[in-house]
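# Summary of structural features
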Amino acid sequence: MFYNRQNIELVCDESEVAEPRASFVLEKNAQLLVYKWLKSLRFLDGHASNISRLVNMEECRLYGIKSHDCHVFMQTLIPLAFRDLLPKGIWDELTEISHFFRDLCSSKLNVDHIERLETNIIETLCKLEMIFPPSFFDSMEHFPIHLPF
């Protein structure tokens, strides 16, 4: 299921112009749920830093997150954090990109699996381009296409 951008076009009334919420934007209470969940997370020693210390509940932000913690978040936590909060089509695509990076960084790789990753990432990125606005994408969002090679 793909989301067309007509859902986020401006709506003009006689007195005002309203901008509807994009389907991938979380409501404030859903954001708070994610941050509360992150605040309660505990990892095995050495797997990731204590992400709960990086969460600022008042501002709904993460501060001081290291690159390894971003990898942990991207590869394992995104599918868990947003499963019940995002529409299924959007969650599926985020999960696909998450699994791509997890599989690419695994300790055991075989050629057939890498070739499959190389063909599937193109389709996954196309699906993400249908969901997110064009301003989200630059050259770095297309970089995963070259990683399996």
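The text that follows walks through the structure, step by step, so that each part is easy to find.

### Considerations on the overall build of the chain
Check the secondary structure of the chain and you find 4 helices and 4 strands. For the C-alpha atoms alone, the extent of the chain along its principal axes is close to 60 × 40 × 25 Å. When the 149 residues of the chain are sorted by exposure, 32% land in the buried category. Excluding contacts between residues fewer than 6 apart, the proportion of contacts in the chain whose partners are at least 24 apart in sequence is 52%. Working note: accessible area of the chain is about 10,200 Å², and carbon and sulfur atoms make up 56% of it.

### A few points about the packing of aromatic side chains
In total, this model carries 4 aromatic pairs according to the counting rule given. Aromatic pair F24 and F132: ring centres 4.7 Å apart, planes at 55 degrees, arrangement tilted. Here the residue F24 occupies a position in the loop between β2 (17-18) and α1 (28-40), and F132 occupies one in the segment after α4 (111-131), the gap between them amounting to 108 residues. Classification of F132 as buried rests on a relative accessible area of 13%. With a centroid separation of 5.1 Å and an interplanar angle of 75 degrees, the aromatic rings of F100 and F101 are classed as edge-to-face. Side by side, F100 and F101 carry an identical accessibility label, which is buried. An aromatic cluster is defined as three or more aromatic residues linked by ring pairs; in this entry it consists of F24, F132, F136 and F137.

### Quick look at the packing of helix α3 (residues 88-104) against α4
For the pair α3 and α4, the least separation of the axes is 10 Å and the interaxial angle reads 150 degrees. Considered as vectors, α3 and α4 are oriented roughly antiparallel to each other. In this structure, α3 crosses over α4, and the sense of that crossing is left-handed. Note on element contacts: α4 touches α3 through H113, I114, L117, I121, T124, L125, K127, L128 and I131, opposite G89, I90, E93, L94, E96, I97, F100, D103 and L104. Of the residues that constitute the contact of α3 with α4, the class distribution is 11 nonpolar, 3 polar and 4 charged.

### Brief notes about the environment of Q75
Mapped onto the fold, Q75 is located in helix α2 (residues 67-81). A relative accessible area of 15% places Q75 in the buried class. Sequence-wise, Q75 and I145 are 70 residues apart; in three dimensions their C-alpha atoms are separated by 17 Å. Ignoring anything within four residues of it in the chain, the contact list for Q75 reads S98, F101, R102 and C105.

About the thresholds
- Residues numbered from 1 in each chain as written.
- Predicted model: local features only at pLDDT ≥ 70, side-chain atom pairs only at ≥ 80, totals over all residues.
- Heavy atoms only, no water.
- Helix = DSSP H or I, 4+ residues; strand = E, 2+ residues; numbered from the N terminus.
- Buried < 20%, exposed > 50% of the residue type's maximum accessible area, 1.4 Å probe, protein only.
- Contact = heavy atoms within 4.5 Å.
- Areas by Shrake-Rupley, 256 points an atom, 1.4 Å probe, with all protein chains shown as cover.
- Phe/Tyr/Trp six-rings, centres within 6.5 Å; stacked < 30°, edge-to-face > 60°.
- Axes fitted to C-alpha atoms, helices over the stretch in contact; angles between N-to-C directions.
- Parallel < 35°, antiparallel > 145°, perpendicular 65-115°, else oblique.
- Left-handed = near helix turned anticlockwise from the far one by under 90°.
- Nonpolar A, V, L, I, M, F, W, Y, C, P; charged D, E, K, R; others polar.

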